[in-house]
Amino acid sequence: MYEVELKAHLPDMQKTRTTVGTFAEYQGFLDKHDTYYRLKKKQGHITVRIRQEKETPPAEKAESPRNTTWVTYKKKELRLAKDKSGYEVNEEHEFSVSDAEDFALILKDAGFKKHMQKHKTAYSFIHGDFHIELCTIDRLGDFIEIETFSDTNGSARMKALHDKLVQELMLCGVSPELIENRFYSELLKEAE
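Read on for a plain summary of the structure. Position labels on residues start from 1 in each chain and follow its written sequence. The predicted origin of the model limits local features to residues at a pLDDT of at least 70 and limits the giving and counting of side-chain atom pairs to 80 or more, whereas totals for whole chains, interfaces and linings rest on all residues. Side-chain measures were taken over the full set of non-hydrogen atoms in the model, leaving aside hydrogen atoms and water.

This next bit is on the layout of surface pockets. Space left empty within the atom packing is revealed by a probe, the size of a water molecule, rolled over the atoms. Counted as a void, the largest pocket has a volume near 980 Å³. In this classification, the charged set is Asp, Glu, Lys and Arg, the nonpolar set is Ala, Val, Leu, Ile, Met, Phe, Trp, Tyr, Cys and Pro, and all remaining amino acids, among them Gly, are polar. Residue composition of the lining of the largest pocket, by class: 12 nonpolar, nine polar and 20 charged. Space inside and on the surface of the protein is sampled on a 1 Å grid over the protein atoms alone, with a cavity defined as a set of points where a 1.4 Å probe fits but cannot get out and a pocket as an open set with protein on both sides within 12 Å along at least 5 of 7 lines; lining residues have an atom within 4 Å of a point. Grid points are joined across faces, edges and corners, and a volume is the space filled by probe spheres set on the points.

Below is the structure:
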């Protein structure tokens, strides 16, 4: 499964939240604490993320908040469209674990080193095949992330999905000129 995602800087969180709320279904509020572990290889590295996530469903669902620990491994690729806007195509493997500390110990014993941490809060929405998050990233500010999934990653399929992501971004009231081509890890490194 391939995750296709773009992100953009968000100049006005409240305005965008109001706009998105007119056409997308609100899923709840997310509080995500990510710790990244990296294993250096002869050529490059492998990164694994442990995410401790608290999901607070909308009040009308009358559900209790859920706490889940996710482990994610992605083979990341950044592609540029003709207009130079960037989008990610990630081969993603994700599963839940019962104990973040125990899994972190396994990673450390396997040679992984703690690389970085990220804290994100987000309002989560669904619109058709798109997952939309209006995010605040500590030290970076507000962003919109829009993602969808594909069984294949051929260039024609990815271009078509990128075009749909840009259309969805504009539907959210955000200009494609605000698309951010860099990974959050790059932005966080610059912010240090």
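Moving on from the model shown.
Any carboxyl oxygen of Asp or Glu within 4 Å of a side-chain nitrogen of Lys or Arg constitutes a salt bridge here. In this structure the tally under the stated criterion is 13 salt bridges. For Asp163, the salt bridge identified is with Lys159, shortest N-O distance 2.8 Å. Separated by four residues within a single helix, Asp163 and Lys159 lie in helix α3 (residues 155–171), roughly one turn from each other. Salt bridges sharing common partners tie together Lys32, Lys120, Glu133 and Glu145. Helical segments are the DSSP runs of H or I of at least four residues, strand segments are the runs of E of at least two, and each set is numbered from the N terminus.

Inspection of the secondary structure assignment puts Ala59 in the loop between β3 (45–56) and β4 (66–80). Judged by its relative accessible area of 73%, Ala59 is exposed. Along the primary structure Ala59 and Ser124 are separated by 65 residues, whereas in three dimensions their C-alpha atoms are 14 Å apart. Only protein chains enter the area calculation, which uses a 1.4 Å probe; residues under 20% of their type maximum are buried, those over 50% are exposed, and those in between are partly exposed.

With respect to the helices and strands, Ile126 occurs in strand β6 (residues 113–127). What makes Ile126 partly exposed here is its relative accessible area of 32%. The spatial distance from the C-alpha of Ile126 to the C-alpha of Gly21 is 9.9 Å, given a sequence separation of 105 residues. Filtering out sequence-adjacent residues up to four positions away, Ile126 remains in contact with Ala24, Glu25, Gln27 and His131. In what follows, a contact means two residues having at least one pair of non-hydrogen atoms within 4.5 Å.

Most often, soluble globular proteins have nonpolar side chains that are buried together. Residues Ile132, Leu134, Ile144, Ile146 and Leu169 are the most contacted members of the largest nonpolar core, which totals 23 residues. The dominant element in this core, judged by the number of residues it contributes, is α3, at five residues. Apart from the residues within four sequence positions on either side, Ile146 is in contact with Val4, Glu5, Leu6, Phe130, His131, Ile132, Leu165, Glu168, Leu169 and Cys172. Ile50, Val97, Ala100 and Ala104 belong to the second largest nonpolar core, which has 10 residues in total. Residues belong to one nonpolar core when they are buried, are Ala, Val, Leu, Ile, Met, Phe, Trp, Tyr or Cys, and are joined through side-chain atoms within 4.5 Å.

Leaving glycine out, the prevailing phi sign among residues is negative, and the prevailing peptide bond configuration is trans. Positive phi outside glycine occurs at Arg139, with the angle close to 75°. Mapped onto the elements of the fold, Arg139 is located in the loop between β7 (130–137) and β8 (141–150).

We now examine the side chain of Thr72. Position of Thr72 relative to the elements: it lies in strand β4. Here a polar contact is recorded for every N or O atom pair within 3.5 Å, except that within protein the pair must consist of a potential hydrogen donor and a potential acceptor, and residues adjacent in sequence are included only if both atoms are side-chain atoms. A distance of 2.6 Å separates a polar atom in the side chain of Thr72 from a polar atom in the side chain of Glu94. Setting aside its immediate chain neighbours within four residues, Thr72 contacts Thr47, Val48, Arg49, Glu92, His93 and Glu94.

Read these as layout, nothing more, since geometry by itself doesn't imply function.
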